[in-house]
Amino acid sequence: MNNIKNYILNNKSRFLEELADLLRIPSVSTAPEHIADVAHCASFVAEHIRAAGIDDVTIYPTKGHPIVYAEYKCSRPNAPTVLFYGHYDVQPVDPLNLWTNPPFEPTFRDGKVFARGATDDKGQIFLHIKALESYLKVNGELPVNVKLLIEGEEEIGSVHLEEFIRTHQDLLKCDTVVVSDTPIYAPGVPSLVYGLRGLCYMEVTITGPNRDLHSGSFGGAVQNPVNALCDMIATLKDGYGRITIPGFYDDVLPLTQEERTDYASLPFDEEEYRTQLEIPFTFGEFGYSTLERISARPTLDVNGILGGFTGVGAKTVLPSIAKAKISMRLVPNQDSDDIAQKFQEYLKTIAPPTVKVEIVNHHGANPVLTPRDSMGMNAARVALREAYNKEPVLTREGGSIPVCLLFDTILHAPTVLMGFGLSTENAHSPDEHFLLDNFEKGIIATAAFYDEMGKQSI
Ligand code: BES
Ligand code: MN
Ligand code: MN
């Protein structure tokens, strides 16, 4: 590992320049005006994989954004195969005015790089590419087979990846999947994540009268759709923070005693958490700790609400339409489609007869639990110890990676969630950044992971 560490040290400034080039590409997958940028980003990623010393690189077009796929075949017989998954697409940048520097003009400050996609997920995919480069340049060859699957639609629900995985099962055959798209527990505290929440994202439109009305002339006789929507939203949770949709908790896997003990032993400062967020109290489901609430229990949140007059000043109006975007984070073994259906049915029953209700199901994701013990997990443990000089903690995370469950159900391979971000790095929000120390340690850990997996035979 010392030679690899030296190589990283000697090439660090070039690595960072190249990372900045990647971060400069506005690969916002949800925005039609960025289609060409997303495609350009795929080519950029493919080219850098080639430059790392891997010749077999293909860009697969999809009905949406392209998938970058690459393969390295090792000469050792019976060597295990590692499939790395990550995404090169990013979230939109709004609100733009809250960025200190423009989101696609990467800036290095305080040991961090600031740009959209820095931590989610470009910094993390790039560290894998640099680990491959470092390993190959120093040792000439890898002790394992490596497959890389890097997509451009994760942030919009990985809409075309399922079909790709189903139709390329042989190509993607592997012994372990590695994903670097999650945070470590805290700076200096490496983590292996073994659980992710799923997502069910709904949009509710309530229509009242056929046009906006003068609230003096009509108010009192006509149901206001904004009021009606708020009433409906208010009944979705009870006073104990529990979701009231019938059957919502039917498939929820309870936390085991071992998990609850693990949660309780993690260093967590509730006061510091509140101070950081400037909130007087935390809020959530009765009977669970903050860490449990944000990762192992389901939630329901209004992401946005729209309706009526929201401009400066006052306008007396009884609006015709109200909309809410409502998402639910799901936990094993809830199913996104099943919850969507339960949500729709329940909303129809609580809607007053005075309004019309329409519900659209946006993208979803299913929750996952990955094995806490596997060949990959054990190798990752050693690798993280090598990079951080510290034993990694096992955690569950509250975010979602739509494709994760498919690695298990279609490829029958266990997933190792070995991420290098921090939950405080403003993913999806202004001033997103990535700690350069974790970029570097991520390269070391990934190289050490190859070493460790290389000791195994299949
Ligand atoms: N990298 C995140 C997932 C994540 C976030 C894992 C925080 C663990 C902790 C991923 O890019 C993401 O943002 N996923 C979306 C999924 C969605 C768009 C279907 C999410 O969780 O909102
Ligand atoms: Mn991500
Ligand atoms: Mn994301």
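First things first, this report covers the structure right here in the doc. In this text the structure is predicted, and so the values were computed from the model without any measurement. (Residues numbered from 1 in each chain as written. Chains lettered and ligands numbered in written order. Predicted model: local features only at pLDDT ≥ 70, side-chain atom pairs only at ≥ 80, totals over all residues. Heavy atoms only, no water.)

### Considerations on the sheet that holds strand E10 (residues 198-207)
Inference 1: Strand order across the open sheet formed by four strands is E11-E12-E10-E13, with antiparallel pairing between neighbours. Pairing within the sheet leaves two strands with one partner each, and these edge strands are strand E11 (299-307) and strand E13 (356-365). Neighbour-to-neighbour, the strand axes of the sheet open up by a mean angle of 15°, direction not taken into account.
Inference 2: In this structure, E11 lies alongside strand E12 (residues 321-330), joined through eight bridges in antiparallel fashion. In the strand pairing of E12, Leu 300 is matched with Met 328. (Pairing = 2+ DSSP bridges. Helix = DSSP H or I, 4+ residues; strand = E, 2+ residues; numbered from the N terminus. Axes fitted to C-alpha atoms, helices over the stretch in contact; angles between N-to-C directions.)

### Describing the pattern of salt bridges
Inference 1: Scanning the model with the defined rule gives 24 salt bridges in all.
Inference 2: Between Glu 285 and Arg 242 there is a salt bridge, and its shortest N-O distance comes to 3.2 Å. Of the two residues, Glu 285 is situated in the loop between helix H8 (270-277) and helix H9 (290-293) and Arg 242 in the loop between helix H6 (225-234) and helix H7 (257-265); the sequence distance between them amounts to 43 residues. (Salt bridge = Lys/Arg side-chain N within 4 Å of Asp/Glu carboxyl O.)

### Quick word on the coordination of the manganese ion (ligand 3)
Inference 1: Around the manganese ion (ligand 3), the protein contributes the donor atoms Asp 120 (OD), Glu 155 (OE), Glu 155 (OE) and His 428 (NE2), which lie 2.1 to 2.5 Å from the metal centre.
Inference 2: Each of the six donor atoms bound to the manganese ion (ligand 3) contributes to angles spanning 55 to 157°, and the resulting shape is irregular.
Inference 3: Each donor residue of the manganese ion (ligand 3) lies on the same chain, and together they follow the pattern D-x34-E-x272-H.
Inference 4: A distance of 3.6 Å spans the gap from the manganese ion (ligand 3) to the manganese ion (ligand 2), which Asp 120 bridges by coordinating each metal. Of this pair, Glu 155 sits in the loop between strand E6 (145-151) and helix H4 (161-167) while His 428 is found in the loop between strand E17 (421-422) and strand E18 (433-435), placing the two residues 273 residues apart along the sequence.
Inference 5: Residue classification places Glu 155 among the buried positions, given a relative accessible area of 10%. (Donors = N, O, S within 2.8 Å, 3.2 Å for Na, K, Ca; no water. Tetrahedral: all angles 85-135°; square planar, octahedral: opposite > 155°, others 65-115°. Buried < 20%, exposed > 50% of the residue type's maximum accessible area, 1.4 Å probe, protein only.)

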